[in-house]
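Breakdown of the fold
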Amino acid sequence: MAGVQHDAQVLDSHVHGARLAGTQGLRRRVLLGAALLTGATGLVGCGKGAGKNGITPVDGTGGGTATARPPKPPTPPTPLSTPTPADWKALAESLSGKLLRPGDVGYPVAHQLYDPAYDSVLPAAVAECSDPADVATTLKFAERFKLPLTGKSGGHSYVGASTNHGGIVISVRPLAGVTVDGSTARIGSGTPLKQVYEDLEAKGRIIPAGSCPSVGVAGLTLGGGLGVLNRAHGLACDVVTQVQVVTADGKVRLANASAEPELFWACRGGGGGTLGVVTAFWFKTVPSPLVGTFSVRWAWSDAAAVVRGWQRYLGSAPDSVWPSLRLTASPGGSQAASVFGLDSANDPGPQLDRLISAVGVQPDQHSFTRNRRVGPDPDGPRTVFYAGTDILGTPLTDSGTSSLLAVMNSRAHGTGLAATAIFDPLGGAISRLAVDATAFPWRKAFTSIQWYAEQGRATGQVAREWIAAGHQAVAGSAVGGYVNYLEASRPSGKLYFGPNLDRLRAAKAKYDPTDVFKLPYSL
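Helix and strand counts for the protein chain stand at 14 helices and 22 strands. Counting across all 523 residues of the protein chain, residues that qualify as buried make up 61%. The contacts in the protein chain between residues at least 6 apart in sequence include a share of 78% that link residues at least 24 apart. For the protein chain, the exposed surface amounts to about 17200 Å²; the carbon and sulfur share of it is 54%.

So, about the pairing of strand 16 (residues 321–329). Consecutive residues of a regular strand have side chains that alternate between opposite faces of the sheet. Of all the 9 residues making up strand 16, 8 are buried; the element is thus mostly covered by neighbouring parts of the structure. Counting the residues between successive antiparallel strands, the hairpin from strand 16 to strand 17 (residues 335–343) contains 5 residues, one of them, G333, with a positive phi of roughly 105°. Relative to strand 20 (residues 418–425), strand 16 is paired through 5 bridges, and the arrangement is antiparallel. Along strand 20, the bridge assignment pairs L325 with F423.

Across the sheet, which stays open at both edges, the 4 strands sit in the order 4-5-7-6 with mixed pairing between neighbours. Single-partner strands in this sheet number two, and they are strand 4 (98–100) and strand 6 (149–152). Averaged over all adjacent pairs, the angle separating strand axes in this sheet is 20°, with direction ignored.

Taken as a whole, this structure holds 15 salt bridges when the rule is applied. Of the charged contacts, one joins D119 and R382 as a salt bridge, the two residues approaching to 2.6 Å between their closest N and O atoms. Taken as a pair, D119 in the loop between helix 3 (107–110) and strand 5 (125–128) and R382 in the loop between strand 18 (365–374) and strand 19 (385–392) lie far apart in primary sequence, 263 residues in all. For D119, a relative accessible area of 29% gives the class partly exposed. Classification of R382 as partly exposed rests on a relative accessible area of 31%. Residues R253 and E260 are paired through a salt bridge, measuring 3.0 Å at the closest nitrogen-oxygen approach.

Let's shift gears to helix 10 (residues 348–359). Counted at 1.5 Å a residue, the expected span for helix 10 with its 12 residues is 16 Å, and the 17 Å between its end C-alpha atoms agrees. Of the residues making up helix 10, those classed as buried are P348, G349, Q351, L352, L355, I356, A358 and V359. Elements in contact with the buried residues of helix 10: strand 15 (291–299), helix 9 (303–316), strand 16, strand 17 and strand 18. Once helix 10 finishes, G360 follows within two positions and takes phi at roughly 80°, a positive value.

Of the residues making up helix 14 (residues 501–511), those classed as buried are L501, L504, A507, K508 and Y511. Take helix 14 and look down its axis: the buried residues cluster within an arc of 120°, on one side only. Residues of helix 14 that are exposed and angled more than 90 degrees away from the buried face: D502, A509 and K510. The elements touched by buried residues of helix 14 are strand 11 (240–247), strand 12 (252–255), helix 8 (261–266) and helix 13 (493–497).

Scoring rules and cut-offs
Residues numbered from 1 in each chain as written. Predicted model: local features only at pLDDT ≥ 70, side-chain atom pairs only at ≥ 80, totals over all residues. Heavy atoms only, no water. Helix = DSSP H or I, 4+ residues; strand = E, 2+ residues; numbered from the N terminus. Buried < 20%, exposed > 50% of the residue type's maximum accessible area, 1.4 Å probe, protein only. Contact = heavy atoms within 4.5 Å. Areas by Shrake-Rupley, 256 points an atom, 1.4 Å probe, with all protein chains shown as cover. Pairing = 2+ DSSP bridges. Axes fitted to C-alpha atoms, helices over the stretch in contact; angles between N-to-C directions. Salt bridge = Lys/Arg side-chain N within 4 Å of Asp/Glu carboxyl O. Expected span 1.5 Å × (residues − 1). Arc of directions from axis to C-beta.

Next up, the structure:
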């Protein structure tokens with residue numbers, strides 16, 4: 001789905017594995033989401049237009065094969081041969097965008113992912129594609145030479161699925177742009193979330209997106225799209241009305257509810273780079289609201305009561321409220337249990353009171369504010385970290401809560417590891433759709449957990465052991481994982497797609513029968 005290969009994420013699948021470095025959802029970890037909100041004046045957008053670079057805009061109601069500049073393939077080389085300098089030159093000349101190879105100015109930045117752990121992975125070329133025809137041309141070149149092929153939007157894949165060694169990376173960064181027509185926004189797949197928020201806010205609109213500013217809209221959306229407005233407005237993929245995709249056969253297709261419906265279904269929660277490279281999305285937007293926020297922190301000695309109380313509160317919280325629980329342990333030994341909440345009804349005070357009442361213990365700190373705008377967190381430095389994921393189908397039992405806190409104590413505290421368990425609530429608008437309405441399968445689940453560890457003085461092995469212990473602690477309530485937080489050590493497609501796996505396999509067989517877009521997990 002969007003993105004080629006797997007990230008095609010085109011998206012940058014956002015996938016994540018045991019080892020990571022900065023990805024969208026995780027950035028909420030330390031900031032407690034407070035920076036998600038801008039002042040009441042809102043964000044200023046820079047609004048790039050769409051329909052450029054040979055892409056023909058559509059109104060969101062059409063479908064089928066898109067009208068676009070036909071590919072200009074280079075002179076066909078001998079199959080299975082190694083590309084010669086002349087072959088690379090011919091490919092470069094056939095593209096409207098740039099082809100960057102090792103030694104070229106711009107290559108070091110073009111091949112780089114957000115996670116510095118992958119800086120040593122060097123593709124033979126990065127094709128910066130300016131339109132779908134560039135994607136199709138690059139895809140055919142890679143197929144002729146049997147080169148590894150990967151798509152890249154924001155480059156935040158947890159498992160490095162936005163790059164490869166010795167092959168071609170299809171970068172859709174040049175396809176960034178937001179155009180708003182009424183309530184519909186056409187967003188190019190290379191658009192970072194910072195630009196998405198800014199350009200939509202300039203028109204007084206918003207979509208339920210993520211929080212990391214440099215994450216690409218493609219990877220976020222293709223995996224589902226968790227964010228602070230999910231309970232009020234659904235996942236990012238829930239408000240997609242159409243996608244433009246370059247599939248494995250090189251065709252540029254428009255997929256929506258009536259045209260290519262299985263491709264459309266798979267591109268909403270089936271993961272980045274599963275079936276092709278998405279080049280554009282059409283989203284149904286809503287008016288950008290003024291929102292309220294609240295933040296509350298308890299001493300670690302009250303952590304068990306906080307977990308139980310947060311679960312009780314979430315069970316009856318209105319859909320307008322998104323309360324995220326954070327359990328943290330720092331290398332210095334301090335630990336805390338906190339909740340950051342957003343209320344799209346802009347009345348956070350009563351919700352804060354209800355939460356504190358549900359916990360039954362007075363917090364050390366608490367505050368709330370009104371009349372804010374939703375926006376991304378500030379971007380942090382590139383840093384290596386480790387992460388994992390669980391989806392809880394039901395609240396933790398008392399036994400599960402005790403096991404969870406034991407993990408935070410014994411596996412993180414005192415090891416030099418900065419560790420956080422981030423509980424992002426599901427429910428609300430997410431649960432109103434059927435489990436098979438899109439490829440995202442966890443409609444009826446209770447919450448997601450993101451296990452996040454900055455290495456600090458600890459070793460990577462300590463981080464991996466802590467995450468594994470976290471999985472074990474919550475196993476009694478866990479039903480799966482979130483594909484945008486993919487773990488290299490847990491590659492089973494069943495874990496990420498649950499009851500929707502067979503249908504996703506069928507879509508893969510139809511649109512990529514020869515497995516052009518190879519995945520970091522098994523279907």
